[in-house]
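# Examination of the molecular architecture
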Amino acid sequence: MQSKIQQAGTAIIEGTEFPVYKGTHGNEVIDIRNLTKVTGKFTFDPGFTSTASCESQITFIDGDEGMLLYRGYPIEQLAEQADFIETAYLLLEGELPTREECAKFRNDITYHTMVHEHFLKFFDGFRRDAHPMAIMCGAVGALSAFYHDSTDIHDPEARKIAVHRMIAKMPTIAAMAYKYTIGQPFVYPRNDLHYTENFMHMCFSVPAEDYEVNKTLASALDKIFILHMDHEQNASTSTVRLAGSSGANPFACIAAGIACLWGPAHGGANEAALNMLQEIGTVDRIPEYIAKAKDKSDPFRLMGFGHRVYKNYDPRAKVMQKASAEVLEAVGVKDPLLDVAKELEKIALEDEYFVEKKLYPNIDFYSGITLRALGFPRSMFTPLFALARTVGWIAQWREMLEDPNQKIGRPRQLYTGAAKRDFVPMDQR
Ligand code: SDX
């Protein structure tokens, strides 16, 4: 990555000038790398609410405007006009591919979709009722056992192959995790199917009969994957970057990202949001849950609502709401939970608490309804998020390695534990 940092001025901290930088869009930053050397102090920012951990050129979010750009292109335009492979190429290479570039990239990914036959044996160690995310964490970590010695992360060509392998094998592994938990045989990928169609084929076809991928549903899922691909330095992407900064192999880094994404405050919210809608059940019970969400003594939160960055409507949620209606119409289902979701959104957005705290629906609010209509069980919602986010994770992992300012991540702390003291022998305690 070629650094494009521009100095915008300076800021005075404890009498010392520190450089202020600006980027293409977004907040200016104060370069405090010399702060401790000059002032002897650390900054204190639990949750990194005011901290830029890196320079990046991949994705930009304007939380106040509700804007999301992949390499400068608005997410709404990509979701409507591009497909998964085209968008993955854009995130990785920085430009939309020509027809030839896209065809070659599609081919590169297609011919890495199979996993080593010995890899199948890892699944036997899991209980049949294991959550697919538990299987994904273990299986992707195990993938590194097959490539650890062949992945020289300092060689650009080896990094490129690792990127292709990760993007290509994630659908195969996610489908295997699903098949394993429902007791059906694994289905091998097919090279004549496009990425998302191939994934649906590996999930829903069975040896006993032919399976025809529904193009409308595959196109809707492709759009959903695009929405989930990348999102700046969110918790799981920061986890991948931190793991990668130690030189760990990319498969182990992605396994760390999967583990982080699983949390209900992050990628696990799509499953939690549908659970919540199911628990609410009917429109008349919405006020009871709005009150619970506002009650500080109650840990309940509206799942699929709120965001660290968006203080406006998550643009992905708008596309997702439209996709949910399209999918429900395509499958001929009228899901009463969609009505509950729309009414809950309407009531929340008029409620002073949510207005004052700028809490809007996020990408997870409508995704559960859509994914369920596509035929996926709730337990597969976060694995689908992980499948799509693998593109962002691996693009950010590679950008981190190519960043001239990159070094191992090692935050400091504010220590408030016991003061220095001498050991007390057991018989004197
Ligand atoms: C994703 O980072 C990313 O980019 C993530 C993501 C991505 O693509 O990678 O966008 C994907 O993770 C989306 C978010 C999915 N999570 C949920 O939907 C879970 C519910 N949301 C909350 O847990 C919460 O909104 C977070 C975790 C998403 C954001 O938390 P923050 O920014 O740390 O905000 P906060 O918890 O400090 O909340 C600020 C205030 C608090 O009230 P006060 O202490 O100021 O009085 O808003 C309240 C919170 O109690 N609040 C909510 C709420 N979310 C925040 N109150 C009720 N319901 C909610 N959902």
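Every chain's residues receive numbers from 1 upward, in the order its sequence appears when written. Side-chain atom pairs in this predicted model are given and counted only at pLDDT of 80 or more, local residue features only at pLDDT of at least 70, and totals for whole chains, interfaces and linings cover all residues. Here the side-chain values reflect all heavy atoms present in the structure, with hydrogen atoms and water set aside.

Naming follows an unreviewed UniProt entry, where the protein appears as Citrate synthase of Parvularcula lutaonensis. Listed under Pathway (unreviewed entry) in UniProt, the entry text for the protein is "Carbohydrate metabolism; tricarboxylic acid cycle; isocitrate from oxaloacetate: step 1/2." Among the UniProt annotations of the protein, the heading Sequence similarities (unreviewed entry) holds the following wording: "Belongs to the citrate synthase family." UniProt positions are given in the numbering used here, feature names are shortened, and annotations may be inferred rather than shown by experiment.

### Quick word on the layout of surface pockets
Here a cavity is any set of points on a 1 Å grid over the protein atoms alone where a 1.4 Å probe fits but cannot get out, and a pocket is any open set with protein on both sides within 12 Å along at least 5 of 7 lines; a residue lines the site when it has an atom within 4 Å of a point. Grid points are joined across faces, edges and corners, and a volume is the space filled by probe spheres set on the points. Of the volumes computed, that of the second largest pocket is approximately 240 Å³. Among the secondary structure elements, those contributing two or more residues to the lining of the second largest pocket are helix 2 (75–81), helix 3 (84–93), helix 7 (195–204) and helix 8 (215–228). Here the element with the most residues in the lining of the second largest pocket is helix 8; it accounts for six residues. Of the residues that constitute the lining of the second largest pocket, the class distribution is seven nonpolar, three polar and seven charged. Secondary structure follows DSSP: runs of H or I at least 4 residues long count as helices, runs of E at least 2 residues long count as strands, and numbering of each begins at the N terminus. The nonpolar class holds Ala, Val, Leu, Ile, Met, Phe, Trp, Tyr, Cys and Pro. Asp, Glu, Lys and Arg form the charged class, and all remaining residues, Gly among them, are polar.

### Brief notes about helix 7
The buried fraction of helix 7 amounts to nine of the 10 residues, a majority that puts the element mostly inside the structure. Every buried residue belonging to helix 7 is among Tyr-195, Thr-196, Glu-197, Asn-198, Phe-199, Met-200, His-201, Met-202 and Cys-203, and all of these are buried. The contact rule is simple, with two residues in contact once any of their heavy atoms fall within 4.5 Å. Turning to helix 7, the residues buried within the fold contact helix 3, helix 4 (99–110), helix 6 (156–181), helix 8 and helix 17 (381–401). Each residue is placed in one exposure class: buried if its accessible area under a 1.4 Å probe, protein chains only, is under 20% of its type's maximum, exposed if it is over 50%, and partly exposed if it falls in between.

### Observations regarding the site of the ligand
We call a residue near a molecule or strand whenever a single non-hydrogen atom of that residue lies within 4 Å of it. Near the ligand, the surroundings consist of 24 residues, among which His-231, Leu-302, His-307, Arg-316 and Arg-389 are the closest. Any N or O atom pair separated by 3.5 Å or less is treated as a polar contact, with the protein-specific requirement of one donor-capable and one acceptor-capable atom, and with residues adjacent in sequence counted only for side-chain atom pairs. Take Phe-305: an N or O atom from its main chain is 2.9 Å from a nitrogen atom of the ligand. The separation between an oxygen atom of the ligand and a polar side-chain atom of Lys-357 is 3.0 Å. Of the residues in the shell around the ligand, the class split is 10 nonpolar, seven polar and seven charged.

### Brief notes about empty space enclosed by the protein
According to the stated counting rule, one finds three cavities of 30 Å³ or more in the structure shown. Estimated volume of the largest cavity: approximately 70 Å³. Along its surface, the largest cavity is lined by Met-114, Val-115, Leu-120, Thr-172, Met-176, Phe-186, Val-187, Tyr-188 and Pro-189. Looking at the lining of the largest cavity residue by residue, the class counts come to eight nonpolar, one polar and no charged. Computed from the structure, the second largest cavity encloses a volume of approximately 50 Å³. Looking at the second largest cavity, the residues that line it are Ile-85, Arg-106, Ile-109, Thr-110, Thr-113, Leu-193, His-194, Tyr-195 and Asn-198. Put simply, the parts of the chain that give the lining of the second largest cavity at least two residues each are helix 4 and helix 7. In terms of residue count, the dominant contributor to the lining of the second largest cavity is helix 4 (three residues).

### Quick word on the pairing of strand 4 (residues 59–62)
Between any two strands, pairing holds if DSSP finds at least two bridges. Of the pairings in the sheet, the one linking strand 4 to strand 5 (residues 67–70) comprises four bridges and is antiparallel in character. Opposite Ile-61, over in strand 5, you have Leu-68 as the bridge partner. Between strand 4 and strand 5, which pair antiparallel in sequence order, lie four residues; one of them, Gly-66, sits at a positive phi of approximately 70 degrees.

### So, the state of the cysteines
Disulfide: a pair of cysteine sulfur atoms within 2.5 Å of each other. A full pass over the atoms with the stated rule returns zero disulfides. Cys-260 takes part in no disulfide bond, and the closest cysteine sulfur, belonging to Cys-137, lies 10 Å away.

### Structural notes on the sheet that holds strand 6 (residues 73–74)
Across the sheet, which stays open at both edges, the three strands sit in the order 4-5-6 with antiparallel pairing between neighbours. Only two strands of the sheet have a single neighbouring strand rather than two, namely strand 4 and strand 6.

### Structural notes on the packing of aromatic side chains
Only Phe, Tyr and Trp rings take part, Trp by its six-membered ring, and two of them pair if their centres are within 6.5 Å. Stacked means planes under 30 degrees apart, edge-to-face means over 60, and tilted covers everything else. For the coordinates displayed, the defined rule picks out 21 aromatic pairs. With a centroid separation of 6.2 Å and 55 degrees between ring planes, the pair formed by Phe-123 and Tyr-180 is classed as tilted. In this pair, Phe-123 sits in the loop between helix 4 and helix 5 (132–147) while Tyr-180 sits in helix 6, placing the two residues 57 residues apart along the sequence. Classification of Tyr-180 as buried rests on a relative accessible area of 6%. By way of ring pairs, the aromatic residues Phe-84, Tyr-178, Tyr-195, Phe-199, Phe-204, Tyr-211, Phe-225 and Phe-376 are connected into one cluster.

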